[in-house]
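# Tertiary structure, described
Residue-level listing of the chains:
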Amino acid sequence: MISDFFKYQAQTSTHPLAMEVSHASGSYIYDTSNKRYLDFVAGVSACPLGHNHPKVVSAIKTQLDKYMHVMVYGEYAQQPAVELTKLIAKQLPAPFEKTYLTNSGTEAIEGALKLARRATGRSEFIAAKTAYHGNTMGSMSVMGYEERKQAFRPLIPDVRFIQFNVEEDLNLITCKTACVILETIQGGAGFIEPQDDYLAKVRARCHEVGALLILDEIQPGIGRTGKLFGFENYNCIPDIIVSGKGLGGGMPIGAFTTSSALMDLLQDKPKLGHITTFGGHPVIAASALATLKEITETNLMAEALEKEALFKKHLVHSLISEIRGKGLMLALILPTPDIVNQLILTAQDRGLILFWLLFEPKAVRITPPLTVSNEEIIEGCQVILDILDEIQSS
Ligand SMILES: Cc1ncc(COP(=O)(O)O)c(C=O)c1O
């Protein structure tokens, strides 16, 4: 399989991990030699209930037996999507009511950006340096990392960048600004949390100038930070929330949620303001609904904070200078990118999956399923500590 993988499937780097996956269950992925890997990455934050959670699998199978794709997005009433969007609304404060379901996170970002222009009649987007919002042209235009964009220019004009957590930059948000888009916790940059009521200050500035605030919850959302959405930790209610990844419970999804007044603008001037064939797909919506129910009806969110504490208690080592992030969205900061590579690659050999972050080469991603057990956390932490000991003494 591996030679066909390299020959026929597009690669995104010259050095993929290239594990040959056989099956996965709970916190573990198994390769084709039946070696077991404890998964501290969860499909890059996309599998909050671990792998093949029985309730998710059962919801998918039940829906498969009823119908799959029947119509383009938004024309027919289909129970999984209706129930999913209703449950999302139930979890959120007013005026959030309507959710637009898409196929991926980046597509939901595109929809949210378009809605901000449509609603304000303004063109300017303000985004943060080192931000990541996806890889289509619009999302890439608001990505705050020039090195990854340069080859694809020209991108969307009228985008300005501010520094995340820097209050003085907020005066760049003006009456020309359609929206400010921020990750609630900057992911690719190294799991950087908003400090000193930063998001509330951005919120206030947006109100002053009539700009919308979009929070990208694609990574922190769906329980990972101890709340259903990360913004609930930071005293700030945005105008539009974008979610994805974990919402699908392992299936591809994106979503943007806002008030009915704002969302209904996409119906008119022009009509069909944002359309997609497969968004809201019944099988994927069934998976998302089962996932969201499980997360909101159990203790998993509260436990995410207890598990964060357990990681922090065990991951004490002189090579770890800091553990950033919140809940089960944690990044170990190590002295050099080389040590990061050694740790991630050796851990994989020893049956523990860790991963890099996009823009912070000194960071190691720890984003296990919310269902990871305390024993698994302790077992994985010991593997990390042993490898760091070996690196230190080599
Ligand atoms: C914060 C954030 N926004 C947007 C995206 C893009 O989502 P997708 O890969 O589903 O298009 C990601 C994916 O990593 C993300 O982490």
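First things first, this report covers the structure right here in the doc. (Residues numbered from 1 in each chain as written. Predicted model: local features only at pLDDT ≥ 70, side-chain atom pairs only at ≥ 80, totals over all residues. Heavy atoms only, no water.)

Moving on, we get to the overall build of the protein. Across its full length, the protein holds 12 helices and 15 strands. Taken over C-alpha atoms, the radius of gyration comes to 21 Å for the protein, in line with the 21 Å a tight globule of 394 residues would show. Evaluated residue by residue, the protein yields a buried proportion of 54% over its 394 residues. Across the protein, the fraction of contacts at a sequence separation of at least 24, relative to all contacts at a separation of at least 6, is 72%. Of the accessible surface of the protein, which amounts to about 17300 Å², a share of 53% is contributed by carbon and sulfur atoms. Here the protein holds 36 positive side-chain charges and 43 negative ones, and the gap between their average locations is 5 Å. (Helix = DSSP H or I, 4+ residues; strand = E, 2+ residues; numbered from the N terminus. Rg over C-alpha atoms; globule rule 2.2 N^0.38 Å. Buried < 20%, exposed > 50% of the residue type's maximum accessible area, 1.4 Å probe, protein only. Contact = heavy atoms within 4.5 Å. Areas by Shrake-Rupley, 256 points an atom, 1.4 Å probe, with all protein chains shown as cover. Lys, Arg positive; Asp, Glu negative; His and termini not counted. Charge placed at Lys NZ, Arg CZ, Asp CG, Glu CD.)

What follows is about the nonpolar core. If you look at soluble globular proteins, the nonpolar side chains tend to sit buried side by side. Formed by 88 residues in total, the largest nonpolar core has its most connected members in L84, L315 and L354. Contacts of L315, omitting those with residues within four sequence positions, involve I320, I323, L332, I366, C381, I384 and L385. Judged by nonpolar contacts, the second largest core, of 22 residues, contains Y100, L113, F125 and L266. (Core = buried A, V, L, I, M, F, W, Y, C linked by side-chain atoms within 4.5 Å.)

It is worth spelling out the side chain of S139 at this point. As for its position among the elements, S139 is in helix α6 (residues 137-141). Residue S139 is classed as buried on the basis of its relative accessible area of 0%. Here the side chain of S139 touches H133 through a polar contact of 3.5 Å, landing on its backbone oxygen. When sequence neighbours within four positions are dropped, the list of residues in contact with S139 reads T106, I109, E110, H133 and G134. (Polar contact = N/O pair within 3.5 Å; in protein donor to acceptor, adjacent residues only side chain to side chain.)

With mixed pairing, seven strands are arranged side by side in an open sheet as β4-β10-β9-β8-β7-β5-β6. Two strands bound the open sheet, and with one partner strand each, they are β4 (98-102) and β6 (159-162). Within this sheet the neighbouring strands show an average axis-to-axis angle of 20 degrees, counted without direction. With five bridges joining them, β4 and strand β10 (residues 254-258) adopt antiparallel strand pairing. Of the residues in β10, the one forming a bridge with K98 is T258. With respect to the sheet, helix α4 (residues 79-91) is in contact with β4 and β10, its orientation differing from that of β4 by roughly 130 degrees. (Pairing = 2+ DSSP bridges. Axes fitted to C-alpha atoms, helices over the stretch in contact; angles between N-to-C directions.)

All right, on to the packing of α4 against helix α9 (residues 282-297) then. Put simply, α4 and α9 touch, their axes get as near as 8 Å, and they point 30 degrees apart. The element α4 and its partner α9 pack so that their crossing is left-handed. Two secondary-structure elements touch here, α4 through P80, A81, E83, L84, L87, I88 and Q91 and α9 through P282, A285, A286, A288, L289, L292, K293 and T296. (Left-handed = near helix turned anticlockwise from the far one by under 90°.)

This part takes up the site of the ligand. In the neighbourhood of the ligand, the contacting residues comprise S104, G105, T106, Y132, H133, G134, E183, D216, I218, Q219 and K245. One nitrogen or oxygen atom from the main chain of G105 is found 2.8 Å from an oxygen atom belonging to the ligand. Between the ligand and D216 there is a distance of 2.6 Å, counted from a nitrogen atom to a side-chain nitrogen or oxygen. When isolated, the ligand has an accessible area of 390 Å², and the protein chains bury 80% of it. (Near = heavy atom within 4 Å.)

Here the focus is the sheet that holds strand β11 (residues 322-326). Sheet architecture is open: four strands sit in the order β11-β12-β15-β14, paired in antiparallel fashion. Strand pairing shows two members of the sheet lacking a second neighbour, β11 and β14 (355-356), which therefore form its edges. Sheet strands in contact with helix α10 (residues 300-314) are β11, β12 (329-333) and β15 (363-366), and its direction is about 175 degrees off that of β11.

Counted under the stated rule, the structure contains 11 salt bridges. E124 serves as the salt-bridge partner of R160, at 4.0 Å between the closest nitrogen and oxygen. With R160 in strand β6 and E124 in strand β5 (residues 124-128), this residue pair connects regions lying 36 residues apart in the sequence. With a shortest N-O distance of 2.7 Å, K312 and E308 are connected by a salt bridge. With K312 and E308 both in helix α10 and four residues apart, this pair spans about one turn of that helix. Overall, K312 belongs to the partly exposed group, its relative accessible area being 31%. (Salt bridge = Lys/Arg side-chain N within 4 Å of Asp/Glu carboxyl O.)

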